[in-house]
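Residues per chain are reported as follows:
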Amino acid sequence: MDCYTCVRNGDPEGLPPRELIGGDEHWRVAHAFGSALPGWLVLVPRRHVTAIAELTDAEAASLGLWQVRLSRALAEVTGCAKTYVAQFAEAEGFAHVHFHVVPRSPDQPEELRGPRVFGLLGKDAAAAVEPEEMDRLALRLRAALAG
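All values reported here derive from a predicted model rather than from experimental measurement. Per chain, the residues get numbers from 1 upward, laid out in the order the sequence is written. The model is predicted, so local features are restricted to residues of pLDDT at least 70 and side-chain atom pairs to those at 80 or more, both for listing and for counting; the totals for chains, interfaces and linings are taken over all residues. Calculated side-chain values reflect all of the structure's heavy atoms, with hydrogen atoms and water omitted.

Here, a strand pair is defined by DSSP locating no fewer than two bridges between the strands. Helix numbers and strand numbers start at the N terminus; a helix is a DSSP run of H or I with at least 4 residues, a strand a run of E with at least 2. The 5 strands are arranged E1-E2-E3-E5-E4 in an open sheet whose pairing can be described as antiparallel. The sheet is open, and its two borders are formed by strand E1 (22-23) and strand E4 (82-87), each paired with just one other strand. Between two residues, a contact is recorded if the distance between any of their heavy atoms is within 4.5 Å. Fitted lines through C-alpha atoms serve as axes, helices being fitted only where they are in contact, and the angles separating the N-to-C directions of these axes extend from 0 to 180 degrees. Set on the sheet, helix H2 (residues 57-78) makes contact with E1, strand E2 (27-31), strand E3 (41-45), E4 and strand E5 (99-104); between it and E5 the angle comes to about 25°.

Here is the structure:
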């Protein structure tokens with residue numbers, strides 16, 4: 001299968017902390033790669049879904065709960081003022097539905113607020129959050145989700 005998310009969902013036990021921050025039978029939470037913003041999370045269905053309308057009732061029922069729980073955990077761990085939630089699933093190789101849960105810090109520049117926050121995604125390796133930092137954040141977020 002050419003779906004990046006499905007490949008990653010196939011071996012959850014082998015994933016680093018940044019790719020398995022939390023989850024249940026329907027959802028997996030990962031830190032976004034290629035982001036210059038620490039704590040940028042993605043919430044992905046565990047089965048292949050390319051449109052929100054394809055979610056089962058059980059998946060849909062837990063979707064909102066995950067978004068709120070992740071927002072609370074991000075506020076606790078990052079000190080963000082709020083979170084943004086967005087879903088597009090249009091990028092080449094990333095048609096699998098996924099929800100961006102993005103922390104917005106109190107001092108985030110105006111030019112990077114709202115939809116402009118996507119200017120911090122798709123960054124080159126030099127600007128992106130390092131994998132080690134994503135793992136440190138992931139472990140702190142796991143603890144916040146468990147508490």
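Here the focus is the nonpolar core. Nonpolar side chains in soluble globular proteins generally cluster together in the buried interior. Counting 22 residues, the largest nonpolar core has Leu 41, Leu 43 and Leu 70 as its most contacted members. Per-element accounting of this core gives the leading share, 6 residues, to H2. If we ignore the near neighbours within four places in the chain, the residues touching Leu 70 are Val 29, Leu 41, Leu 43, Val 101 and Leu 145. Here the nonpolar core consists of buried residues drawn from Ala, Val, Leu, Ile, Met, Phe, Trp, Tyr and Cys, with membership extended through side-chain atoms lying within 4.5 Å. Residue burial is assigned from relative accessible area. The probe radius is 1.4 Å, only protein chains are included, and a residue is buried under 20% of its type maximum, exposed over 50%, and partly exposed in between. Core analysis: the next-biggest nonpolar cluster, separate from the first, contains 10 residues, Leu 37, Val 44, Tyr 84 and Leu 120 among them.

Paired rings are identified among Phe, Tyr and Trp, the last through its six-membered ring, by centres lying within 6.5 Å, and are further divided according to the angle between planes into stacked (under 30 degrees), edge-to-face (over 60) and tilted (the rest). Summed over all chains, the structure comprises 3 aromatic pairs. Measuring from centroid to centroid gives 6.0 Å for Trp 27 and Phe 99, while their planes differ by 70°, and the two rings are edge-to-face. Linking Trp 27 in strand E2 with Phe 99 in strand E5, this pair joins segments that are 72 residues apart in sequence. There is no split in this pair, since Trp 27 and Phe 99 are both buried. Taken together, a centroid distance of 5.7 Å and an interplanar angle of 75° make the contact between Phe 88 and Phe 118 edge-to-face. Pair noted here: Phe 88 is in the loop between E4 and E5 and Phe 118 is in the loop between E5 and helix H3 (131-146), with a separation of 30 residues, a long-range link.

As a further point, take the packing of H2 against H3. Contact pair H2 / H3: the axes reach a minimum separation of 9 Å and the direction vectors enclose 120°. Classed by the angle they form, the pair H2 and H3 counts as oblique. When you trace H2 past H3, the crossing you get is right-handed. Every residue of H3 that contacts H2 at Trp 66, Arg 69, Leu 70, Ala 73, Leu 74, Glu 76, Val 77 and Thr 78 is listed here: Leu 137, Arg 140, Leu 141, Ala 144 and Leu 145. Reported orientations rely on four angle classes, namely roughly parallel under 35 degrees, roughly antiparallel over 145, roughly perpendicular from 65 to 115, and oblique for the rest. When the near helix sits turned anticlockwise from the far one by under a right angle, the crossing is termed left-handed; a clockwise turn instead gives a right-handed crossing.

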